[in-house]
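Coordinates in review
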Amino acid sequence: MIREFPDNEYNNYGGRTERFMKALLALEDGRTFPCTSFTGSGEAAGEVVFNTSMTGYQEILTDPSYYGQMVTMTYPLIGNYGVCPEDIESERVQAAAFIVKEYQDFPSNFRSTGTLADYLIENQILGIEDLDTRALTRHIRKSGAMRGVISTTDLDPASLVEKASQVPSMQGSDLVQYVTCSRPYFWKENQPKYFDLDRLTGPQIWQRPDRHRVVALDFGIKYNIIRCLETAGCEVVVVPAETSADTIKTLEPDGIFLSNGPGDPEPVTYAVETIKALLGYKPIFGICLGMQLLGIAMGGTTMKIKFGHRGGNQPVKNLATGKVEITSQNHGFAVDLNSIGQDHSSMTHINLNEDSLEGLESGSVKAFAVQYHPEASPGPHDAAYLFNQFAKVIEDAKA
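Residues numbered from 1 in each chain as written. Predicted model: local features only at pLDDT ≥ 70, side-chain atom pairs only at ≥ 80, totals over all residues. Heavy atoms only, no water.

1. Brief notes about helix 7 (residues 269-278)
If you check which residues of helix 7 are buried, you get A271, V272, T274, I275 and L278. For helix 7, the buried positions fall inside an angular range of 160 degrees around the axis, keeping them on one side. Residues of helix 7 that are buried sit in contact with strand 12 (212-218), helix 6 (245-250), strand 14 (255-258), strand 15 (284-287) and helix 8 (289-297). Just downstream of helix 7, G280 is the residue with a positive phi angle, here 85 degrees. (Buried < 20%, exposed > 50% of the residue type's maximum accessible area, 1.4 Å probe, protein only. Helix = DSSP H or I, 4+ residues; strand = E, 2+ residues; numbered from the N terminus. Arc of directions from axis to C-beta. Contact = heavy atoms within 4.5 Å.)

2. What about the pairing of strand 12?
With six of seven residues buried, strand 12 lies mostly within the body of the structure. Where strand 12 lies against strand 13 (residues 234-240), seven bridges are found, and the strand directions are parallel. Residue pairing in the sheet places A216 in a bridge with V238 of strand 13. After leaving strand 12, the chain enters helix 5 (residues 223-231) and then returns to the sheet as strand 13, a path that is right-handed. Examined bridge by bridge, strand 12 and strand 14 share four bridges and lie parallel to one another. (Pairing = 2+ DSSP bridges. Right-handed = clockwise from strand over helix to strand, strands pointing away.)

3. Some remarks on the side chain of T302
Among the structural elements, T302 can be located in strand 16 (residues 301-318). A relative accessible area of 14% means that T302 is categorised as buried. Within the local environment of T302, its side chain forms a polar contact with the side chain of E266, the two groups lying 3.0 Å apart. Setting aside its immediate chain neighbours within four residues, T302 contacts D264, P265, E266, Q292, I296, A334, V335 and D336. (Polar contact = N/O pair within 3.5 Å; in protein donor to acceptor, adjacent residues only side chain to side chain.)

4. Examining the nonpolar core
Counting residues in each nonpolar core, the largest one holds 41 residues, and the members touching the most others are L25, F98, I99, L116 and L136. With sequence-adjacent residues up to four places away left out, L116 is seen in contact with Y57, L61, I78, G79, V83, F98 and Y103. (Core = buried A, V, L, I, M, F, W, Y, C linked by side-chain atoms within 4.5 Å.)

5. Brief notes about a positive patch on the surface
A contiguous patch of positive charge, built from R134, R138, R141, K142 and K306, is present on the exposed surface. Here the positive patch takes four residues from helix 3 (residues 133-143), the largest share from any one element. By the element assignment, K142 lies in helix 3. Taking the relative accessible area as the measure of exposure, K142 reaches 67% and is therefore exposed. (Patch = residues over 30% accessible without salt bridge, like charges linked within 9 Å, V, L, I, M, F, W, Y side chains within 5 Å. Areas by Shrake-Rupley, 256 points an atom, 1.4 Å probe, with all protein chains shown as cover. Salt bridge = Lys/Arg side-chain N within 4 Å of Asp/Glu carboxyl O. Lys, Arg positive; Asp, Glu negative; His and termini not counted. Charge placed at Lys NZ, Arg CZ, Asp CG, Glu CD.)

6. Comments concerning the sheet that holds strand 2 (residues 32-37)
Taken in spatial order, the seven strands of this closed barrel run 1-2-8-6-4-3-9, and their pairing is mixed. Across this sheet, the average inter-strand angle for adjacent strands is 35 degrees, counted without regard to direction. The pairing of strand 6 (residues 97-99) with strand 8 (residues 126-129) spans three bridges and is classified as parallel. Its bridge partner lying in strand 8, F98 is registered against G127. The strands touched by helix 3 are strand 1 (21-27), strand 2, strand 3 (43-51), strand 4 (69-73), strand 6 and strand 9 (146-151); relative to strand 3, the strand with the most contacts, the crossing angle is about 80 degrees. Packed onto the sheet, helix 4 (residues 157-165) meets strand 1, strand 2, strand 3 and strand 9 and runs at close to 50 degrees relative to strand 1. (Axes fitted to C-alpha atoms, helices over the stretch in contact; angles between N-to-C directions.)

7. Some words on the pattern of salt bridges
Scanning the model with the defined rule gives 13 salt bridges in all. The residue K304 makes a salt bridge to E47 at a minimum N-O spacing of 3.0 Å. Note that K304 is positioned in strand 16 and E47 in strand 3, a separation of 257 residues in sequence. Relative accessible area serves as the criterion here: at 29%, K304 is assigned to the partly exposed category.

Here it is, written out as structure tokens:
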């Protein structure tokens, strides 16, 4: 049910500030959805996608893989546990807008430091509720992820549909440049510690001789990935996406990590060239966009998935063990394994919903990657073993 408000006016709601107002979501195919903003006036645009996770909305909002996308939560009640600074996965909210069925403005959780609405307002992100998220999700599943616009200032359906058609397509867009770090950093005291790479060379940058040295190429890395690598016995230096292979080699790492990230992998040609130059140099482990870029570097191609995989309940089969892992995923593109060829790599994991490629490896260059998120955050931890697997590959290579 849509709340009845005077046109284009702020309204008091439950004693809170005047920020609840009429809004409209319009998709590029002409479908519109009336809704309510719970973050005040604004307009947002991007690719509309859905996430099936029941919890973890703060981690989802701050996941750089969602840059340029308006995220719809399929779970109906969102905001009930507030927000907590410890749960962020990057330095800011990355989603273009947040779409929920029902927003809970009064959180109850001992870890909460504020409301979701205030958090979105602070980050200048539009949040909307009172929208039929079930109908929106079914429409995306049937027609595919598509561009959309949400507005409280322009409620004319024809005008918003036209605006939606002008939003840049996710396909063909290099979004990595908007989320990668500007300077290298270590992970200390649960936050990035930036430094100037030009002032340190080779072994001088490493501070923990008892750990494996890992250089992580930042295509939109999540903080929990770094935590998981450290738990597996690695010391991690995160470097910008455009860092060259020669620069990485001067750091004398034991392993290379290719991070997750947003958008289409095909335009990220600079990263592909770097990965090509690093194949066979040291063990490589890639996640999500990192897997797609690794696949391209190995001669393969990628494709856009109709509505993507986003949520914490994707079943994946490990072909080596036969076990099924319930995984956390967030991607709209995938590697076509047939384009690489069995001479260069082999399939290691497969999605049980649609038989799509979820993991590959190449023993000849000591590289492997998965399409899902073993670090979860949010999601199940069935695939956390992959970080220890990476550490073991590094250890064997050093031996």
